[in-house]
Amino acid sequence: MAIALRYAARSDLGLGPKSRNEDSGYAGPNLLVLADGMGGHAAGDVASSMIVGELAPLDEEDVTADQAIPLLEEALHSANAKLTKAMRENSELAGMGSTTIVMLRTGNKLAMAHIGDSRAFMLRGDTFSQITKDHSFVQQLIDEGRISKEDAGHHPQRSVVTRVMTGQPDDEPDTSLREAKIGDRFLMCSDGLSDFVGADVIEEILREARTPDEAADRCIEIALKASTRDNVTVIVAEVVDADGDDLPTTVPQVVGAAGKRMRGRTRAIPTSPAEKAAALSREATGRAEPDDDAPELAEDGKRSRRSKIVLRTIGVLVVAAILGGGGYAAWAWSQKQFFVAADAGHIAIFRGVSQDLGPIKLSHVESPVRRTRLRPADRRPGLRRQHDPGPRHRRRRDQGVGPARRGPALPTPRRDRHAVRHVAGAHADPDDAPHLAVPDVTHPVAVAVDARPEHLEHEAARRRRVRRPPRGGGGVTTTVEPLTPRTRRGAELLLLVLAIAIVLLAWVTTDLNRNGTVPANIIPVAGGFTLLTLGVHLVLRWKAAYADPVLLPITTVLNGLGLVMIHRLDLARGKLGTDGDAYRQLIWTTLAVVLAVAVLFVLRDHRLLRRYTFVTMAAGFVLLLLPLVPGIGRTINGSQIWISIGPLNFQPGEFAKIALAIFFAGYLVQTRDVLSLAGKKVLGFTFPRGRDLGPILVAWVLALLVLVFQKDLGSALLFFGLFVAMLYVATERVSWIAIGLLLFAVAVTFALSAFTHFQKRVDLWLDPFSADNLERSNQLANGLWGMASGGLTGTGLGAGRPYLTSFAESDFIFPALGEELGLFGSVAIIVLYLLFCERGIRTALGVRDGFGKLLAIGLAFSVAFQLFIVIGGVTRVIPLTGLTTPFMSLGGSSLLANWVIMALLLRISDQARRPMPEIPVGVAADDPSPAEVTQVVRLP
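It should be emphasised that the depicted structure is a prediction, and the values quoted were computed from it without experimental measurement.

*Asks:* Give a detailed account of the pattern of salt bridges, specifying residues and quantitative values.
*Replies:* Tallied over the full model, the rule gives 21 salt bridges. Here Lys 133 makes a salt bridge to Asp 143, at a shortest N to O gap of 3.2 Å. Taken together, the residues Lys 133 in the loop between strand S7 (127-130) and helix H3 (137-143) and Asp 143 in helix H3 connect sequence positions ten residues apart. Using a relative accessible area of 45% as the deciding quantity, one classes Lys 133 as partly exposed. Because the salt bridges share partners, they merge into one network encompassing Arg 10, Asp 213 and Asp 217.

*Asks:* Describe the environment of Asp 241, naming the residues involved and giving the relevant values.
*Replies:* Mapped onto the fold, Asp 241 is located in strand S10 (residues 232-241). When the C-alpha positions of Asp 241 and Ile 182 are compared, they lie 6.3 Å apart, and in sequence the two are 59 residues distant.

*Asks:* Report on the pairing of strand S4 (residues 97-106), specifying residues and quantitative values.
*Replies:* For S4, the buried fraction is high: nine of the ten residues fall into the buried class. Here S4 runs beside strand S5 (residues 109-115); their pairing, made up of seven bridges, is antiparallel. Within S5, the residue paired with Thr 106 across the bridge is Lys 109. The loop that links S4 with its antiparallel partner S5 comprises two residues; one of these, Gly 107, has a positive phi angle of about 65 degrees.

*Asks:* I'd like a description of the pairing of S10, backed by residues and values.
*Replies:* Within S10, nine of the ten residues are buried, which leaves the element mostly enclosed by the surrounding structure. Note: strand S1 (residues 3-12) against S10, ten bridges, orientation antiparallel. Considered in S10, the bridge of Leu 5 is made with Val 239. Here strand S9 (residues 185-189) runs beside S10; their pairing, made up of five bridges, is antiparallel.

*Asks:* Kindly report on the packing of aromatic side chains, identifying the contributing residues and their values.
*Replies:* The tally for this structure, following the rule as stated, stands at ten aromatic pairs. Geometrically, the ring pair formed by Phe 836 and Phe 887 is edge-to-face, given 5.6 Å between the ring centres and 65 degrees between the ring planes. Remark: Phe 887 occurs in the loop between helix H24 (850-874) and helix H25 (892-913) and Phe 836 occurs in helix H23 (residues 813-846); sequence separation between them is 51 residues. Phe 887 sits in the buried class, given a relative accessible area of 1%. Seen from their ring centres, Phe 861 and Phe 865 are 5.1 Å apart, and the 20 degrees between their planes marks the pair as stacked. Here Phe 861 pairs with Phe 865, and both are found in helix H24, just four residues apart, close to one helical turn. A relative accessible area of 26% means that Phe 861 is categorised as partly exposed. Take Phe 865: its relative accessible area is 16%, and that puts it in the buried class. Aromatic ring contacts, followed pair by pair, group Phe 614, Phe 663, Phe 664, Tyr 667 and Phe 723 into a single cluster. Seen from the ring of Trp 542, Lys 543 lies directly overhead, with NZ or CZ sitting 4.4 Å from the centre.

*Asks:* Can you tell me about the sheet that holds S10, naming the residues and giving the values?
*Replies:* Overall, antiparallel pairing links the five strands, which are arranged S1-S10-S9-S6-S7 in an open sheet. Edge strands, defined here as strands with exactly one partner in the open sheet, are S1 and S7. Looking at each pair of strands side by side, their axes are set apart by 15 degrees on average, direction ignored. Packing of helix H6 (residues 199-208) onto the sheet brings it into contact with strand S6 (119-124), S7, S9 and S10, and relative to S7 it is tilted by some 130 degrees. Its contacts with the sheet put helix H7 (residues 212-225) on S1, S9 and S10, and the angle it makes with S1 is roughly 25 degrees.

*Asks:* Account for the packing of helix H18 (residues 713-731) against H24, naming residues and giving values.
*Replies:* Where H18 contacts H24, the two axes come as close as 9 Å, and the packing angle between them is 140 degrees. In this view, H18 runs oblique relative to H24, as classed from their interaxial angle. Once H18 is placed against H24, the crossing between them reads as right-handed. Here Gly 714, Leu 717, Leu 718, Gly 721, Leu 722, Ala 725, Met 726, Val 729 and Ala 730 of H18 lie close against H24, whose contacting residues are Leu 854, Ile 857, Gly 858, Phe 861, Ser 862, Phe 865, Gln 866 and Ile 869.

*Asks:* Can you break down the side chain of Ser 862 residue by residue, with the values?
*Replies:* Within the secondary structure layout, Ser 862 lies in helix H24. Here the side chain of Ser 862 touches Leu 859 through a polar contact of 2.6 Å, landing on its backbone oxygen. For Ser 862, the residues in contact, after removing those within four places along its chain, are Leu 718, Leu 722 and Ile 901.

*Asks:* Give me the lowdown on helix H13 (residues 551-573), citing residues and values where you can.
*Replies:* Between its first and last C-alpha, H13 extends 33 Å over 23 residues, near the 33 Å set by a 1.5 Å rise per residue. Within H13, 22 of the 23 residues are buried, which leaves it mostly tucked inside the rest of the structure. In the stretch just after H13, Gly 574 is the one whose phi turns positive, near 70 degrees.

*Asks:* Lay out the state of the cysteines with the relevant residues and their values.
*Replies:* Between two cysteines, a covalent bond joining their sulfur atoms is known as a disulfide. Using the criterion set out here, one finds zero disulfides in the structure. Take Cys 189: it sits in no disulfide, and the sulfur closest to it among the cysteines is that of Cys 219, at 7.6 Å.

*Asks:* Can you tell me about the packing of helix H1 (residues 43-55) against helix H2 (residues 65-89), naming the residues and giving the values?
*Replies:* At a minimum axis distance of 9 Å, the contact between H1 and H2 shows a crossing angle of 140 degrees. If you check the angle between H1 and H2, you find them oblique. Regarding H1 and H2, the two cross each other, and that crossing is right-handed. Here Ala 47, Met 50, Ile 51, Glu 54 and Leu 55 of H1 lie close against H2, whose contacting residues are Ala 75, Leu 76, Ser 78, Ala 79, Lys 82, Leu 83 and Ala 86. Residue classes in the contact of H1 with H2 are distributed as nine nonpolar, one polar and two charged.

*Asks:* Describe the nonpolar core, and please don't skip the residues or the numbers.
*Replies:* Ile 829, Phe 836, Leu 855, Met 888, Trp 899, Met 902 and Leu 904 are the most contacted members of the largest nonpolar core, which totals 125 residues. Non-local contacts of Ile 829, meaning those with residues more than four positions away in its chain, are made with Leu 558, Leu 561, Phe 814, Leu 817, Leu 821 and Met 888. One finds Ala 35, Ala 43, Ile 51 and Ala 68 within the second-largest nonpolar core, a separate group that totals 32 residues.

*Asks:* Account for a negative patch on the surface, with residues named and values stated.
*Replies:* Together, Asp 200, Glu 204, Asp 772 and Glu 775 make up a region of like negative charge exposed at the surface. Those elements giving two or more residues to the negative patch turn out to be H6 and helix H21 (771-776). Considering the arrangement of structural elements, one finds Asp 200 in helix H6. Judged by its relative accessible area of 45%, Asp 200 falls in the partly exposed class.

*Asks:* Any chance you could break down unusual backbone geometry for me, citing the residues and the numbers?
*Replies:* One non-glycine residue, Arg 488, lies in the positive phi region at around 65 degrees. Within the secondary structure, Arg 488 is located in the loop between strand S20 (476-482) and helix H11 (489-515). Positioned with a positive phi, Arg 876 is a non-glycine residue whose angle comes to about 70 degrees. Secondary-structure assignment places Arg 876 in the loop between H24 and H25. A residue is classified by how much of its surface remains accessible, and Arg 876, at 32% relative accessible area, is partly exposed.

*Asks:* So what's going on with the confidence of the model for the protein chain? Which residues, and what values?
*Replies:* In low-pLDDT regions, the fine details of the predicted coordinates are not to be read closely. Taken as a whole, the protein chain shows an average pLDDT of 76; of its residues, 72% reach a score of 70 or greater. Put simply, strand S18 (residues 443-448) is where the protein chain has its lowest mean pLDDT, 37, and S9 is where it has its highest, 94. Segment residues 368-375 is flagged for pLDDT under 50; beyond a separation of four residues in sequence, or across chains, it makes 18 contacts in the model. Confidence drops under pLDDT 50 across residues 377-481; counting only partners more than four residues distant or on other chains, this segment forms 203 contacts.

Parameters and conventions
- Residues numbered from 1 in each chain as written.
- Predicted model: local features only at pLDDT ≥ 70, side-chain atom pairs only at ≥ 80, totals over all residues.
- Heavy atoms only, no water.
- Salt bridge = Lys/Arg side-chain N within 4 Å of Asp/Glu carboxyl O.
- Helix = DSSP H or I, 4+ residues; strand = E, 2+ residues; numbered from the N terminus.
- Buried < 20%, exposed > 50% of the residue type's maximum accessible area, 1.4 Å probe, protein only.
- Pairing = 2+ DSSP bridges.
- Phe/Tyr/Trp six-rings, centres within 6.5 Å; stacked < 30°, edge-to-face > 60°.
- Lys NZ or Arg CZ within 6 Å of the ring centre and 35° of its normal.
- Axes fitted to C-alpha atoms, helices over the stretch in contact; angles between N-to-C directions.
- Contact = heavy atoms within 4.5 Å.
- Parallel < 35°, antiparallel > 145°, perpendicular 65-115°, else oblique.
- Left-handed = near helix turned anticlockwise from the far one by under 90°.
- Polar contact = N/O pair within 3.5 Å; in protein donor to acceptor, adjacent residues only side chain to side chain.
- Expected span 1.5 Å × (residues − 1).
- Disulfide = S-S within 2.5 Å.
- Nonpolar A, V, L, I, M, F, W, Y, C, P; charged D, E, K, R; others polar.
- Core = buried A, V, L, I, M, F, W, Y, C linked by side-chain atoms within 4.5 Å.
- Patch = residues over 30% accessible without salt bridge, like charges linked within 9 Å, V, L, I, M, F, W, Y side chains within 5 Å.
- Areas by Shrake-Rupley, 256 points an atom, 1.4 Å probe, with all protein chains shown as cover.
- Lys, Arg positive; Asp, Glu negative; His and termini not counted.
- Charge placed at Lys NZ, Arg CZ, Asp CG, Glu CD.
- pLDDT = per-residue confidence, 0-100.

Shown next, in the form of structure tokens:
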């Protein structure tokens, strides 16, 4: 009976640090090939695609059973020789190699060749077996009886292979020939699946799947749920009757690196002589015309080009409709707002909001309107002589009545108060009184004049005397000594030196405990890290001299400790030099520092951000929706929160929280009066009116959309919590928190009933040590065991085993540090974060404008709340959410966003701590009328 193969091939980048897929796979009617590349800068994908390209022509060969094994060996030797030639011609490819599994159908038999640690399984009836034997160091230990199979899964050298295709003459594969029977199912996979998913789970998938496509898709899904850090590639084939009615497809499928290279100008896998000639012709002429008979790229699916265009068009239209509808709703809301401002020297009532959206004006003068001519301050009656203690001329009738009083224009903040010394017996001198005039400058500002407290204006002299007229024959001389706040840059420098010393000591200690030697790269690492941090310090001395002196040292320590732990994990995994994650994280740190410095240079005043309230709203919504755009959005670990642009993977939600914080601050500073004052009291709580619930409902719907479409509970909780917190700070109404908690409870209930992804996370949270949950994902259990093994003082940097926990360098970096620093070290890290957030709140209390207060509170709360979500997840306080630890976790987007948050807080704190400008402001005359209390002056 003639047989045929029904096949499916799938490949995924995985959840590890690799930026490209180094696996390659090929599935055709007569040939199945899987290659797992390794080594070099870009050599792993080159090696695997070269091997697949050399073996692919065998799919069209008509061979007998006697010829199959020699033909496979000859093709593998030819591929090995090409690897040697490629490495000889290009030094950057030195050290590359690839594992290989290949099956060639010949009649009713399958010839197989295998080299490396990629695996092949066969399901025949009730029997499931592995039909390959790993060429690895761990397998050698198992054969020698030194370890068991259970220990092999956690051995630190489980990734060390003893035989692969490296271009060497002794790279000989194992070969075999077996009979194929109808109903047999074969599965070939890279170690991205076999190292993270047990054989019993693979067997269950092969038995229950109805088709090879379903089996391959489920294998990829299970591997990602198991937090696979490596590229994962799966090929599933089922033996069917060739004479049956349901004949399988004969179009080859190409996945992984080989599939991506086929999309380029030169085809990496020409599968026939005619196709090779066509590929060479296209390369010579520079044309890249599509080929209808080309192998099918399995990642592209089975959709036609027209259906892809239709789906992408629909996606773009949906995004445009959402943005257009949101923009129109925002514009309609803005046209219901009013404010008072100056217009050509008159006071006018404006309809709209006091910002512009680029060239679009969002406000206009309401007509008809009664305009009042502004009177310059120096021409107001009584202002040019209000400090003159001598005889007064007779006041005009409109100056009011009552005794003259002195007072400042604004209440003096605590930090700007002066030391006052009173000397009895002195006589007043009328000529000593200063003459005050209001300067003429650019921006009109309404200044309320308080006529009651005594005025002590700022002047350049450190000491001056202001004398009062004698009363009752006596006199008092008041000596004013201004207290100028210090910049505290010296204290910041001392803290920075301490922070750098802590980080470098931790780096050296890690290598001493791990290797017994001082790291060879300590000098460049120490020099680079010191230059980065001191560079920011110098910029602060220049551009923000009064910025908070504690934020930068705390950020330095947290960022540095994260680098140390990532370097420690690289040592355990044998990833040294430029191949290590610590090297890439140091590059991201450099870019983050440059971006923070750019923010300090470009943003001279945080209040300028208020002009872009609705621009940041649009930017925040776009950043949140980008992962849903077809073609660039990626789903990782069940959450669609990533975008891929070329080799870069980016999480736009990290910057969306900054944009939304700016929008929330700008919006709430305009509407907080309505949101805080209007409403009805129910059971002791003042609830807002129905029409005022719109903002929180919009934020709730946005969080719900993130929850539904991106399946990301952490981001939805962070965005919604940020808005509710800023709303409470702006209005001081507890009812907003109650409403927010109720709405979020509804959203979580909906998510638990609608998505299995959240249900599994809750099950894992409730019982992470059950047999089913440990088989599904042992990540949380390993993290808890690691922190427990650290005890109070920890195992010491480099002396623990944090590498046993998946994502120890990103999501679970806090348990990794807790294992090696202990409870004391973990508490110290949490205290550093609390100090960071406390300085942000202190900045909010000190800054003078409402927008700055809300923005500083929002930024500080976002860091604090994100830290609670992360630490709460890894310690089983709440379910895992997948957010990263600020400043410490591996990843570029999170690090860049958090350094920008730090830079914004520094800019706001500079405005909060900077002394008030020395602007002499007129004091009102005796008992001024309401028209004389408020004046328009121009600030420099």
